[in-house]
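Structural features, examined
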Amino acid sequence: MISNEHATSVQYSYTEVNSFQMSEGYTKNMTPEPVKTGRIFLAAVAANMSAFVVGTCLGWTSPIGPKLKSEDTSDSPLSRPITAEEDAWISSLIAIGALVAPFAAGPLADRIGRKWVLLSSSLFFVLAFILNMIASEVWILYLSRLIQGFGVGFVMTVQPMYVGEISTDNVRGAVGSLMQLFIVAGILYVYAIGPFVTYQALQWCCIVVPIIFDVFFFLMPESPYYFAGKGRKTDALRSLQFLRGQSSQGVHDEMAGIQANVEDAMANKGTMMDLFKNAGNRKALFICAGLISFQQLSGINVVLFNSQSIFASANTGLDPAVATIIIGCVQVGSSGLTPIVADRLGRKIMLLISASVMSIGLAALGAFFYMQLVVQDISMVSWMPVPALIIYNIVYCIGFGPLPWAVLGEMFPANIKSAASSVVASTCWTLGFVVTRWYPALDALGSYYSFWLFAVFMVVAFFFVLFVVMETKGLSLQQIQDRLNGKRN
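Just so it is clear, the model here is predicted, and its values are computed rather than measured.

Some remarks on the state of the cysteines
- Inspection of the entire model under this criterion finds zero disulfides.
- Summary of cysteine pairing: cysteine 428 is not part of a disulfide, and the nearest cysteine sulfur, belonging to cysteine 288, is at 12 Å.
- Judged by its relative accessible area of 1%, cysteine 428 falls in the buried class.

Here we look at the pattern of salt bridges
- Enumeration according to the criterion identifies nine salt bridges in this entry.
- Across the pair arginine 347 and glutamate 410 runs a salt bridge, and its minimum N-O distance is 3.2 Å. Taken together, the residues arginine 347 in helix 20 (residues 347-374) and glutamate 410 in helix 22 (residues 403-411) connect sequence positions 63 residues apart. Like glutamate 410, arginine 347 is buried.
- Here the salt bridges share partners, and the residues they tie into one network are Asp110, Arg114 and Glu165.

Considering the confidence of the model for the protein chain
- Model confidence for the protein chain is summarised by a mean pLDDT of 84, while 91% of its residues fall at 70 or above.
- Contacts from residues 1-29, a stretch scored under 50 in pLDDT, to residues over four places away or in other chains number 48 contacts.

Regarding the side chain of asparagine 393
- Mapped onto the fold, asparagine 393 is located in helix 21 (residues 385-398).
- One polar contact links the side chain of asparagine 393 to the main-chain carbonyl oxygen of leucine 389, over a distance of 2.7 Å.
- With residues up to four places along the chain from it excluded, the contact list for asparagine 393 reads Ile300, Val303, Ile327, Gln331 and Ser334.

Quick look at empty space enclosed by the protein
- If you walk through the whole model with that rule in mind, you get four cavities of 30 Å³ or more.
- By volume, the largest cavity amounts to about 140 Å³.
- Contributing to the lining of the largest cavity are 18 residues, with Leu58, Gln180, Ile183, Asn301 and Tyr396 lying nearest its centre.
- The element that contributes the greatest number of residues to the lining of the largest cavity is helix 10 (residues 178-193), accounting for four residues.
- Residue composition of the lining of the largest cavity, by class: twelve nonpolar, six polar and no charged.
- A volume near 80 Å³ is recorded for the second largest cavity.
- Every residue along the wall of the second largest cavity is listed here: Gln159, Pro160, Val163, Gly164, Arg172, Val175, Gly176, Trp405, Ala406 and Gly409.
- Among the secondary structure elements, those contributing two or more residues to the lining of the second largest cavity are helix 8 (138-166), helix 9 (172-176) and helix 22.
- Of the residues in the lining of the second largest cavity, the class split is five nonpolar, four polar and one charged.

Some thoughts on the packing of helix 4 (residues 61-69) against helix 18 (residues 307-314)
- At their nearest, the axes of helix 4 and helix 18 sit 7 Å apart, and the two run at 70° to each other. Here helix 18 runs roughly perpendicular to helix 4, going by the angle between their axes. Counting all contacts with helix 4, which are made through Ser62, Pro63, Pro66 and Lys69, the residues of helix 18 involved are Ser307, Gln308 and Ser309.

What counts, and at which threshold
For every chain, the first residue of its written sequence is number 1, and the numbers climb from 1 along that sequence. Given that the model is predicted, a residue must reach a pLDDT of at least 70 before its local features are reported, and side-chain atom pairs must reach 80 or more before they are shown or counted; all residues, however, enter totals for whole chains, interfaces and linings. Water and hydrogen atoms were dropped before computing side-chain values, which therefore reflect all heavy atoms in the structure. Cysteine sulfur atoms are paired as a disulfide whenever they fall within 2.5 Å. The buried label goes to any residue with under 20% of its type's maximum accessible area, the exposed label to any with over 50%, and the partly exposed label to all in between, with areas taken from a 1.4 Å probe on protein chains only. Whenever Lys or Arg places a side-chain nitrogen within 4 Å of a carboxyl oxygen from Asp or Glu, that contact is recorded as a salt bridge. The numbering of helices and of strands both runs from the N terminus, where a helix is a DSSP run of H or I of at least 4 residues and a strand a run of E of at least 2. Across the chain, each position has a pLDDT score giving the predictor's confidence in that residue, from 0 to 100. What makes two residues a contact is simply this: any of their non-hydrogen atoms within 4.5 Å. Counting of polar contacts relies on pairs of N or O atoms within 3.5 Å, with two restrictions inside protein: one atom must be capable of donating a hydrogen and the other of accepting it, and residues adjacent in sequence are counted only when both atoms are side-chain atoms. With a 1 Å grid spanning the protein atoms alone, the term cavity applies to any set of points in which a 1.4 Å probe fits but cannot get out, the term pocket to an open set with protein on both sides within 12 Å along at least five of seven lines, and the term lining residue to any residue with an atom within 4 Å of a point. Grid points are joined across faces, edges and corners, and a volume is the space filled by probe spheres set on the points. For this classification, the nonpolar set comprises Ala, Val, Leu, Ile, Met, Phe, Trp, Tyr, Cys and Pro, the charged set comprises Asp, Glu, Lys and Arg, and every other residue, Gly included, is treated as polar. Note on geometry: axes are C-alpha line fits, over the in-contact stretch for helices, and angles between N-to-C directions span 0 to 180 degrees. Under this scheme an angle from 65 to 115 degrees is roughly perpendicular, one under 35 degrees roughly parallel, and one over 145 degrees roughly antiparallel; angles in between are oblique.

This is how it looks when you write it as structure tokens:
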């Protein structure tokens with residue numbers, strides 16, 4: 001949200017605002033009403049149930065992969081085990097769908113609203129899990145993963161927009177980081193269920209989640225920014241009243257600011273080229289695309305998609321399914337810390353901690369696999385992969401997991417936010433596809449090559465954050481724009 005001081009400085013129709021004041025019985029001398037932030041968190045949690053569904057799709061291959069690769073096909077929809085090449089495509093095709101979808105999701109968010117785009121994402125998820133149930137050939141699983149990717153792309157593009165627009169400045173970092181918490185909760189859901197139920201039972205467990213999301217999120221309001229942009233001022237006011245838990249008088253100043261901000265944005269309707277013409281937009285795009293790129297180059301999708309296989313290769317002595325569940329629990333626990341500390345420590349310091357510690361964890365994991373190759377007896381260090389991956393996941397979940405998306409939701413002005421979200425989300429999934437598709441080829445040369453390469457990328461990420469990324473803690477959306485454009489007031 002923009003600050004009240006800035007809102008009153010923006011040029012808009014004072015006659016219109018005065019009539020709005022009179023119609024709402026606004027009085028200047030009234031005592032300010034407190035904002036009920038619980039309402040904001042309620043709407044954000046409802047929206048983030050879609051991120052939970054995304055997590056079920058991302059974690060799906062970890063318990064399902066061993067079933068599909070097993071010589072015993074009694075718990076597989078296929079009549080034969082899949083090859084390593086087919087396994088790579090099943091893992092990576094979700095990224096192709098997620099790469100394409102943002103270019104439809106962004107414009108649709110401006111046309112039909114953030115809420116309805118998020119609700120419509122469930123159609124892709126439900127269809128995909130139905131295809132998984134009836135799959136008798138590998139190509140059907142390919143199609144399912146591609147369709148899942150469309151749903152993922154819709155969620156990852158629009159959910160940060162919605163959450164960023166319903167939040168107040170003081171809780172935006174916390175609610176923005178909820179996405180990662182819900183994604184890893186969805187991953188843990190399939191990690192914990194998948195190894196212990198049949199293939200078909202897991203599909204049923206997954207298909208109910210988007211249905212529950214639709215029921216819950218249908219009851220939440222649309223973004224007041226969207227309503228204001230469509231000239232639906234009464235709807236925008238009602239939405240803001242619900243989200244703030246205030247009367248029409250209590251939200252009046254913020255509503256006037258939103259209206260002014262949106263009218264200013266609509267008068268300067270942005271295009272894709274505006275991302276590159278304006279210096280502030282270029283800087284914001286460079287920061288957001290850079291953070292998302294390093295998120296994927298950390299190897300997180302390799303870890304999420306292949307957790308059971310990684311632990312089986314490491315031969316730690318711990319049941320791979322149990323080790324994977326431990327990792328999932330760690331992810332949920334550490335992601336739960338992020339909403340608490342995101343607005344206290346700041347984005348930048350958390351990203352720096354995340355990059356530095358992740359590089360250490362990845363380097364240690366690479367060293368273990370290298371010793372496994374050159375040392376005959378590594379029983380003394382067989383414990384290493386579990387704590388290395390635990391540390392890696394903890395710092396990912398408090399830094400490079402949630403914060404790139406939170407930063408994306410607050411870096412761009414309203415008139416180009418959808419275009420920017422589309423570009424950044426597509427960057428994310430382009431690299432996600434590259435990493436997951438060709439990881440098996442690099443892994444065949446030696447697992448240590450993969451993890452050492454990811455470690456190097458995180459060292460580079462540390463210096464990127466240190467010298468390029470700006471801190472947005474405690475800043476309003478307008479203050480962020482001022483700083484991006486070189487204004488310090």
